[in-house]
Every structure is written in structure tokens, then in C-alpha cells.
Amino acid sequence: MLQDNEIMEWRILVSDKTNPYLNMAIDEAIYNGITTGQSPPTIRFYDWEPATFTYGYNQILEDELDIQFLQSSKYLYVRRPTGGRLVLHEDEVTYAIISPLQGAMSGQLTETFLRISKALMIGLQKMGVFAELERGELTSAEQRQAVNPCFSSSSRFELTWKKKKIVGSAQTRNSSAFLQHGSILRTNNQKKVAQFLPNISDDQRLRIESFLDRRTISISKILDRYVTYQEAVQSLIEGFKEEWATDKFFVSKELETEELVLSRELAEKKYCLEEWNKKKTAGR
């Protein structure tokens, strides 16, 4: 096992727009590989095609999304293996940090959150976005609230700009590894989420939409120019390399053969199935 001051060697994977089932399957395949010692620590960046709603592992689909309205739209949905709440992934950058609980990543959840957020913050600065680390946490009332999209409030160590949320993150872990997902708003804020929330009045929907419009902001809006996916990803990679300067990095364009086989299997036999996406009880 690595000591806290020992070097980690990170694989960087950059994907293009990928369907939601395969996106989640790839991350789980790498997570499984790291758990068994067969995959390297990985930083993965990707986007979604088509745009997709994801919701946390412990959430119930019907409590988060108006399924009938969603099915008449262009969007898909998938349940994440990580926690957190409802997120719309549309023209953004999603990151996945998948790591053994070793070396500098051996700490508790908040410690790994902080280390990752510092690297993301440097990456945003390289684009000209000077974000701040949020010091607050969800209140117990907010955590219990059924309709509470991820970007409606900021948890500790998430990134904001003038109190507007830019990044939303969630993590899962076992005894030897963790997977952290994060959504980085590139061109859109999250106000559209309000249109798809179930069991609320029109007045509530308008209030939530207005709140999300005020509370979230994209990189392109901050900079008053269009930021491409490629530019954002490159800046974020540079941020990780600078903040984690004692570590090593290498870029890989392909998954390992075992990861590729497992990800295809998980996409087909898990993430695209109602059994997974509409599950109402804990347990994988």
C-alpha cells in the first residue's frame, strides 16, 4: 500500500459524447478493476449523447422525474452508482475520479473531495474562472427534501463563483477504492431541471426554475464567450497536473481489454434496464 507521501501514477482518459448507459458502465468497470488491483488510478472526462438526467444511487426515479413528460422529450435518464441528487447533463464536462484508497487518496470522503476540488479549482482558473470552495453543507431538512436537484445547494468543498454553483459532485466507496462523479457546467445552467420535476404545482415549478437560474452558472456565461469541451478538458487536466505535481500522469485513448468487455456487459445488462433504473431499495 502506498504511503501518504508516495507517488501515484494517474491514467487520463478523455472520451467524446457517449450514451448514458455506457458512460456509467465504463466508470463502474474501472472502479471494479481498481478494487481488484487490475486498473490504474484514473481521471476520466466525458460528455453525454443524448443529453441525460442522472440521479443518485439512493434516490427513487419517480420521486425525481416526471417520467411521462421526460419520455416525450429528447432526454434519457440513468441511475448513477454514486450518491447525490438529480443532475441534467447537457453540453458540459463530466469527470470521474476512480482511485484506490491509498497514498494521498487514503483519507475520508471529505478529504478526497477537498483534494479533487483544489485540482478542479486550478483547472477553472486556467480558463479564467476564479472559483471558491464552498464551506457549507446541506442541512438535514435539505437532505430529506424529496425535490432537491443537485445544483439547488452546495455541499462542503464544492466549487462556486459568486455563490453560484459551477460543479456538483458525488462519491461512492468500498473498503479499498472510491469513485467520484462530478458535473461541470460548461454552457448551460440547471434551470431546465425544474420542467421535469414531478408532483409540484406550476407556481412551485416557476419558483424552482428561477432559483436554479440564480443559483447556478456555466463557465461560458462567466467568461462571456463560448468554451469548447476540448478547451475545458485541457485546462482541467493542467489543473490536476499542477495541483498534484508530485504525482505522475499518462494519457490513454483506450480502455484495457478487460475494462472494455465488462463495460459493454454492464451497459447492456445493468444500466439500460428498468430493474436498475427503477430500483426502490438499496443494494446493487
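No experiment lies behind these values; they were computed from the predicted model shown. Throughout, a residue's number is its position along its own chain's written sequence, starting from 1. The predicted origin of the model limits local features to residues at a pLDDT of at least 70 and limits the giving and counting of side-chain atom pairs to 80 or more, whereas totals for whole chains, interfaces and linings rest on all residues. Values reported for side chains reflect all heavy atoms of the structure, with hydrogen atoms and water molecules removed beforehand.

Digging into the pairing of strand β3 (residues 52-55)
Three exposure classes are used, based on accessible area relative to the maximum for each residue type with a 1.4 Å probe and protein chains only: buried under 20%, partly exposed in between, and exposed over 50%. Secondary structure elements follow DSSP: runs of H or I no shorter than four residues count as helices, runs of E no shorter than two count as strands, and numbering proceeds from the N terminus. Burial of the side chains of β3 extends over both faces: T52 and T54 are buried on one face and F53 and Y55 on the other. Examined bridge by bridge, β3 and strand β4 (residues 76-79) share four bridges and lie parallel to one another. Residue pairing across strands places T54 opposite V78, the latter belonging to β4. Strands are labelled as partners when DSSP assigns at least two bridges between them.

Quick notes on helix α1 (residues 20-35)
In a helix, the anticipated span is given by 1.5 Å times the number of residues less one. If you check α1, its first and last C-alpha atoms are 23 Å apart, about what 16 residues at 1.5 Å a residue would give, namely 22 Å. Judged by how many residues are buried, α1 sits mostly within the fold: twelve of 16 residues are covered. Among all positions in α1, only P20, N23, M24, A25, I26, D27, E28, A29, I30, Y31, G33 and I34 are buried. Pairs of N or O atoms are called polar contacts if they sit within 3.5 Å, as long as, within protein, a hydrogen donor faces a hydrogen acceptor (for residues adjacent in sequence, only side-chain-to-side-chain pairs). One side-chain oxygen at the N-terminal end of α1 lies 3.1 Å from the backbone nitrogen of Y21; it belongs to N19.

Quick look at the confidence of the model for the protein
Low pLDDT means the predicted atomic positions in that stretch should not be read closely. Confidence along the protein averages 91 in pLDDT terms, with 89% of residues attaining 70 or more. pLDDT expresses how confident the predictor is about each individual residue, on a scale running from 0 to 100. Contacts: residue pairs with any heavy atoms within 4.5 Å of one another. Residue range residues 138-147 is modelled with pLDDT below 50. Its contacts to residues more than four positions away, or to other chains, number 20 contacts.

Brief notes about helix α6 (residues 202-215)
For α6, with 14 residues, the first-to-last C-alpha span of 20 Å sits near the 20 Å given by 1.5 Å per residue. Regarding α6, the residues found buried are R205, L212 and R215. Considered in projection along α6, the buried side chains sweep an arc of 105 degrees and stay on one side of the axis. Opposite the buried face of α6, at more than 90 degrees from it, the exposed residues are D202, L206 and R214. Where the residues of α6 are buried, they touch β9 (164-165). It is the directions from the helix axis to the C-beta atoms that the arc portrays.

With respect to the nonpolar core
Across soluble globular proteins, nonpolar side chains show a tendency to be buried alongside one another. Grouping buried Ala, Val, Leu, Ile, Met, Phe, Trp, Tyr and Cys residues that are joined through side-chain atoms within 4.5 Å yields what is termed a nonpolar core. Ranked by internal contacts, the top residues of the largest apolar core, which has 58 residues, are F45, I97, I116, L120, I166 and F240. In terms of residues, this core owes the most to one element, α1, which gives seven residues. In this structure, F45 is in contact with L13, V14, S15, V93, T94, Y95, Y229, V233, L236, I237 and F240, ignoring residues within four places of it in sequence. Ranked by size, the runner-up nonpolar core spans 16 residues in total, among them L65, Y77, L86 and L197.

What to know about the sheet that holds β3
One open sheet holds the three strands; their spatial order is β4-β3-β5, and the pairing between them is mixed. Since the sheet does not close on itself, it has two edges, and those belong to β4 and β5 (87-89), each with one partner. On average, each strand axis in the sheet is inclined to that of its neighbour by 25 degrees, with strand direction left out of account. Across three bridges, β3 lies against β5 in antiparallel orientation. Looking at the pairing, F53 lines up with L88 of β5. Sheet strands touched by α1: β3 and β4. Its angle to β4, the strand with the most contacts, is close to 20 degrees. Inter-axis angles, ranging from 0 to 180 degrees, are taken between N-to-C directions of lines fitted to C-alpha atoms, where helices are fitted over the stretch in contact.

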